There are 4 protein chains.
Amino acid sequence: MSETRSPDSKRRSERSRRAILDAALELVGELGYPRLTIEAIAGRAGVGKQTIYRWWPSKAAVLLDAFIALGEEAAAGEHEIPNTGDLEADLKFVLRATVDELNSPEYELPARALAAEGVINAELGAEFVAKLLEPQLQLYVKRLLAAQDAGQVAEHIDPRVALELIVAPLAHRWLLRTLPLTHEYADTVVEYALRGLSPR
Amino acid sequence: MSETRSPDSKRRSERSRRAILDAALELVGELGYPRLTIEAIAGRAGVGKQTIYRWWPSKAAVLLDAFIALGEEAAAGEHEIPNTGDLEADLKFVLRATVDELNSPEYELPARALAAEGVINAELGAEFVAKLLEPQLQLYVKRLLAAQDAGQVAEHIDPRVALELIVAPLAHRWLLRTLPLTHEYADTVVEYALRGLSPR
Amino acid sequence: MSETRSPDSKRRSERSRRAILDAALELVGELGYPRLTIEAIAGRAGVGKQTIYRWWPSKAAVLLDAFIALGEEAAAGEHEIPNTGDLEADLKFVLRATVDELNSPEYELPARALAAEGVINAELGAEFVAKLLEPQLQLYVKRLLAAQDAGQVAEHIDPRVALELIVAPLAHRWLLRTLPLTHEYADTVVEYALRGLSPR
Amino acid sequence: MSETRSPDSKRRSERSRRAILDAALELVGELGYPRLTIEAIAGRAGVGKQTIYRWWPSKAAVLLDAFIALGEEAAAGEHEIPNTGDLEADLKFVLRATVDELNSPEYELPARALAAEGVINAELGAEFVAKLLEPQLQLYVKRLLAAQDAGQVAEHIDPRVALELIVAPLAHRWLLRTLPLTHEYADTVVEYALRGLSPR
DNA sequence: AGCTAATCGAGACGGTACGTCACGTCTTTAG
DNA sequence: CTAAAGACGTGACGTACCGTCTCGATTAGCT
């Protein structure tokens with residue numbers, strides 16, 4: 001039950017924390033993930049290396065926190081999937097926005113860096129999924145349950161699986177760059193998937 | 001038209017090439033990708049470092065070639081997707097095998113390493129897709145076209161997109177470890193997707 | 001006035017400095033100068049290579065410092081040339097000792113290494129001369145001036161040149177190994193030279 | 001009595017030999033000795049590395065041969081020390097010429113390289129002395145013997161030692177760069193030394 | 001004059017060391 | 001008394017050369 005050398009988070013300098021997170025995001029954009037180094041982050045942030053090592057176990061963890069902070073700013077009003085009653089239109093709307101975000105240059109480098117690290121590093125991957133991905137996916141679950149209530153999705157369908165039919169193809173194209181990721185593709189995926197989910 | 005200092009491949013030592021590829025696969029299994037080093041590969045293979053740098057630009061490229069070589073051995077009889085006339089059964093059969101392969105420990109580490117590297121490194125990713133992934137996906141295209149001919153898949157469906165509804169969810173679970181990747185999940189994905197693809 | 005990225009010598013580890021110097025002397029004795037490597041010095045000293053590169057520009061510079069440190073220990077009572085009133089005897093005494101030192105195996109290898117490096121590398125040569133050689137030579141100047149005062153050396157003789165007539169032949173035989181370097185040779189050189197320096 | 005793999009010098013390519021020697025001299029002038037490499041010599045000479053390794057044991061040996069070849073060209077009429085009857089004038093004449101040669105930039109780098117290597121490498125040093133230095137020194141012995149016959153040098157003087165009093169100080173200044181090597185210095189050394197050698 | 005064996009240019013190979021970079025830890029120093 | 005600054009031991013990087021070893025393609029010297 002010995003308390004092994006854990007830093008006192010009450011005394012933590014918020015100024016340093018922000019500077020580190022900002023520096024990490026800037027640098028990953030400039031250099032890419034593999035050439036990003038803790039020393040460079042410390043230098044850019046005007047911080048001692050130890051201040052980073054005290055609070056994060058790896059550069060991936062720093063980047064994850066930086067990304068989460070980025071998300072929290074953006075999501076002041078945590079977006080829901082709209083419910084106009086037209087499931088197909090609502091999904092197309094959200095997925096087109098997702099396509100645009102994935103294709104936007106400022107998200108691309110840090111997002112790829114984290115995704116790739118999560119593929120290899122199970123622990124970081126779990127945190128990535130828990131903190132960033134799964135909350136997003138739950139929005140789809142919620143919307144699909146509403147559709148099920150409205151009789152637009154067959155009863156025996158498991159929404160957690162259903163959403164993957166819709167979301168995974170986009171992720172696949174983005175991660176592996178097999179073919180271009182376009183609005184048209186998003187629409188087509190929604191159409192094909194929804195045919196399978198609707199009653200009858 | 002600049003002749004970029006390229007070594008003479010006629011004089012290349014086949015013995016060294018094999019030793020390097022074998023060592024790379026062994027070591028990525030033992031150490032994982034991030035702790036895999038060129039020096040260790042050279043040491044294990046009984047080869048000078050320069051011999052690696054002469055023929056490959058990075059450890060990821062070595063691993064890709066190692067994986068391709070592995071694939072070529074396995075694929076003496078290049079697997080097709082069976083066609084028993086029952087599309088659903090055929091797909092479930094193949095995807096269950098894929099699930100088993102993805103869950104097998106000897107494929108996992110090198111495959112994740114390559115996938116992750118491909119996510120970050122566009123050039124290597126393109127090669128990964130072209131040499132390993134796309135040939136596999138084309139087998140699905142072929143089987144779906146046959147199904148279309150047999151009237152089991154609606155005419156307006158684009159097989160290249162359709163296959164992604166089936167394959168991407170499995171890839172998604174494997175890459176991001178959101179939820180367990182099981183035979184049951186594969187079956188469910190096939191069922192949901194096929195409902196959307198079949199005529200009417 | 002450019003501040004060239006220089007480390008902070010106040011924080012320098014004295015323990016590492018000594019270990020490096022000691023290791024360098026040991027190794028040059030065991031391996032000879034051309035087979036002496038920075039890596040081996042670092043290894044023997046239990047020190048990172050960077051710690052050597054941080055403070056010295058080359059292995060020759062390390063060896064020079066090691067040699068200087070050696071000299072400082074030996075020269076607790078900084079040797080003077082004795083003055084018994086008999087210049088010839090005093091010189092013979094000192095030169096015989098020099099011959100013995102030059103012929104002793106523990107001084108030979110590092111001393112040759114430094115001398116040779118100084119022959120090629122003007123900068124290091126200048127430091128070698130300034131820190132090790134010239135102080136020695138000034139002892140001869142001092143003794144010759146005393147002899148001049150005592151009327152044993154002609155007034156018009158320049159002591160700085162005169163000493164070279166005595167010292168250079170020994171250095172020549174030692175450096176180039178033309179003929180053996182013996183006590184008898186030292187005596188003969190003193191005799192020939194002193195005939196030229198005495199009045200009349 | 002086994003004949004171990006010695007190349008047949010009758011079949012040796014004279015063209016290659018010259019190209020190698022020329023390239024070595026050029027490169028040592030451009031790069032200095034430590035940065036001179038066998039590979040660079042081979043490249044510049046348009047020759048395979050093996051052709052160098054077949055005929056020479058080290059880069060020092062190549063350079064020595066190159067220097068000897070250089071000497072042989074210059075010394076078509078192998079210079080003698082003049083004998084005008086005035087020993088002092090004759091020595092000053094020759095030594096002033098030596099000073100000029102030692103100070104000339106084209107001889108300096110290769111000559112220092114060889115001298116330095118000879119200081120460290122006993123075997124090469126011996127060859128350097130035997131082939132280049134000692135023949136020169138013997139010219140002094142010859143001239144001093146003639147002076148002894150003419151009664152200008154005392155009978156008990158050993159010419160082989162005497163010459164070193166004259167030559168070694170110049171060599172010393174050149175090798176170690178203690179002080180400038182000038183005509184005046186050469187003259188002074190001759191004067192001081194000759195006072196000691198003359199009868200009385 | 002043709003054969004044949006050695007030398008030749010070329011350069012891949014297994015190695016060693018280079019000098020640099022970044023790691024994660026530890027120490028010193030200035031605010 | 002807390003951090004920044006940065007020196008430290010460690011270890012991998014990618015490069016440069018080492019000296020050895022095949023490769024054809026010329027040469028020569030001998031038959």
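The coordinates are above.
These lines cover the structure that appears in this document, whether it is placed above or below. Since the model is a prediction, treat every value here as computed from it, not as a measurement.

What counts and how
- Residues numbered from 1 in each chain as written.
- Chains lettered and ligands numbered in written order.
- Predicted model: local features only at pLDDT ≥ 70, side-chain atom pairs only at ≥ 80, totals over all residues.
- Heavy atoms only, no water.
- Near = heavy atom within 4 Å.
- Polar contact = N/O pair within 3.5 Å; in protein donor to acceptor, adjacent residues only side chain to side chain.
- Helix = DSSP H or I, 4+ residues; strand = E, 2+ residues; numbered from the N terminus.
- Nonpolar A, V, L, I, M, F, W, Y, C, P; charged D, E, K, R; others polar.
- Contact = heavy atoms within 4.5 Å.
- Buried area = accessible area lost by both parts, 1.4 Å probe.
- Salt bridge = Lys/Arg side-chain N within 4 Å of Asp/Glu carboxyl O.
- Least-squares fit on C-alpha atoms with pLDDT ≥ 70 in both.
- Phe/Tyr/Trp six-rings, centres within 6.5 Å; stacked < 30°, edge-to-face > 60°.
- Buried < 20%, exposed > 50% of the residue type's maximum accessible area, 1.4 Å probe, protein only.
- Lys NZ or Arg CZ within 6 Å of the ring centre and 35° of its normal.
- Axes fitted to C-alpha atoms, helices over the stretch in contact; angles between N-to-C directions.
- Parallel < 35°, antiparallel > 145°, perpendicular 65-115°, else oblique.
- Left-handed = near helix turned anticlockwise from the far one by under 90°.

Some thoughts on the protein's contact with DNA strand F
In the vicinity of DNA strand F there are 35 residues, among which Lys-49 and Tyr-53 of chain B, Gly-48 of chain C together with Lys-49 and Gln-50 of chain D approach most closely. With respect to DNA strand F, the backbone of Ser-13 of chain C contributes an N or O atom lying 3.0 Å from a phosphate oxygen. In the model, a phosphate oxygen of DNA strand F is placed 3.2 Å from a nitrogen or oxygen of the Gly-48 of chain C main chain. Secondary structure elements with two or more residues in the surface near DNA strand F: helix H3 (49-55) of chain A, helix H2 (38-45) and helix H3 (49-55) of chain B, helix H3 (49-55) of chain C together with helix H2 (38-45) and helix H3 (49-55) of chain D. Of all the elements, H3 of chain C adds the most residues to the surface near DNA strand F, at four residues. Classifying every residue of the surface near DNA strand F gives eight nonpolar, 13 polar and 14 charged.

Digging into the interface of chain D and chain C
The partner chain C presents 44 residues to the 44 residues of chain D that form the contact. Summed over both partners, the interface of chain D with chain C comes to about 3,800 Å²; 68% of that surface belongs to carbon and sulfur atoms. When the buried surface of chain D facing chain C is broken down by residue, Val-119, Tyr-192 and Arg-195 of chain D rank first, second and third, together holding 21% of it. Counting across the chain D and chain C interface gives two salt bridges. If you look at where chain D meets chain C, you find 16 residue pairs in polar contact (both at pLDDT 80 or more). Elements with a minimum of two residues in the side of chain D that touches chain C: helix H6 (105-120), helix H7 (122-149), helix H8 (159-176) and helix H9 (183-197) of chain D. The element that contributes the greatest number of residues to the side of chain D that touches chain C is H8 of chain D, accounting for 12 residues. Taken together, the residues of the side of chain D that touches chain C sort by class into 27 nonpolar, eight polar and nine charged.

Digging into the relation of the copies chain B and chain A
You can overlay chain B on chain A at an RMSD of 0.2 Å; the transform is a turn of 180° with a shift of 0.1 Å along its axis. One copy is carried onto the other by what is essentially a two-fold rotation axis. The rotation axis passes nearest to the C-alpha of Gly-196 of chain B in chain B, at a distance of 1.7 Å. When the interface residues of chain B are mapped onto chain A, 98% of them are again interface residues, pointing to one common binding face.

Some points on the packing of aromatic side chains
Residue and element names in this part refer to chain B. Across all of its chains, the model carries four aromatic pairs over all chains by this definition. Judged by centre distance (6.2 Å) and plane angle (85°), the ring pair of Phe-67 and Tyr-107 falls under edge-to-face. Here the residue Phe-67 occupies a position in helix H4 (residues 59-74), and Tyr-107 occupies one in helix H6 (residues 105-120), the gap between them amounting to 40 residues. Overall, Phe-67 belongs to the buried group, its relative accessible area being 13%. For Tyr-107, a relative accessible area of 26% translates into the label partly exposed. Positioned above the aromatic ring of Tyr-33 is the side chain of Lys-59, whose terminal nitrogen or guanidinium carbon lies 4.2 Å from the ring centre.

A few points about the packing of H8 of chain D against H9 of chain D
Residue and element names in this part refer to chain D. Between H8 and H9, the least distance of the axes is 9 Å, while the angle of their chain directions is 155°. Taken as axis vectors, H8 and H9 run roughly antiparallel relative to one another. As for how H8 packs across H9, the hand of that crossing is right-handed. Listed contacts from H9 to Ala-162, Leu-165, Ile-166, Pro-169, Leu-170 and Arg-173 of H8 are Tyr-185, Ala-186, Val-189, Val-190, Ala-193 and Leu-197. The class makeup of the residues in the contact of H8 with H9 is 11 nonpolar, no polar and one charged.

Here we look at the interface of chain B and chain A
The interface is formed by 44 residues belonging to chain B together with 43 residues belonging to chain A. When residues of chain B are sorted by the area they lose upon contact with chain A, Val-119, Tyr-192 and Arg-195 of chain B head the list and together hold 21% of the total. Counting every contact that joins chain B to chain A gives two salt bridges. When the shortest N-O distance is used, the salt bridge between Glu-164 of chain B and Arg-173 of chain A registers 2.7 Å. Where the side of chain B that touches chain A is concerned, the elements lending two or more residues are H6, helix H7 (122-149), helix H8 (159-176) and helix H9 (183-197) of chain B. Residue contributions to the side of chain B that touches chain A peak at 12 residues, all from H8 of chain B. Its residues placed into classes, the side of chain B that touches chain A shows 27 nonpolar, eight polar and nine charged.

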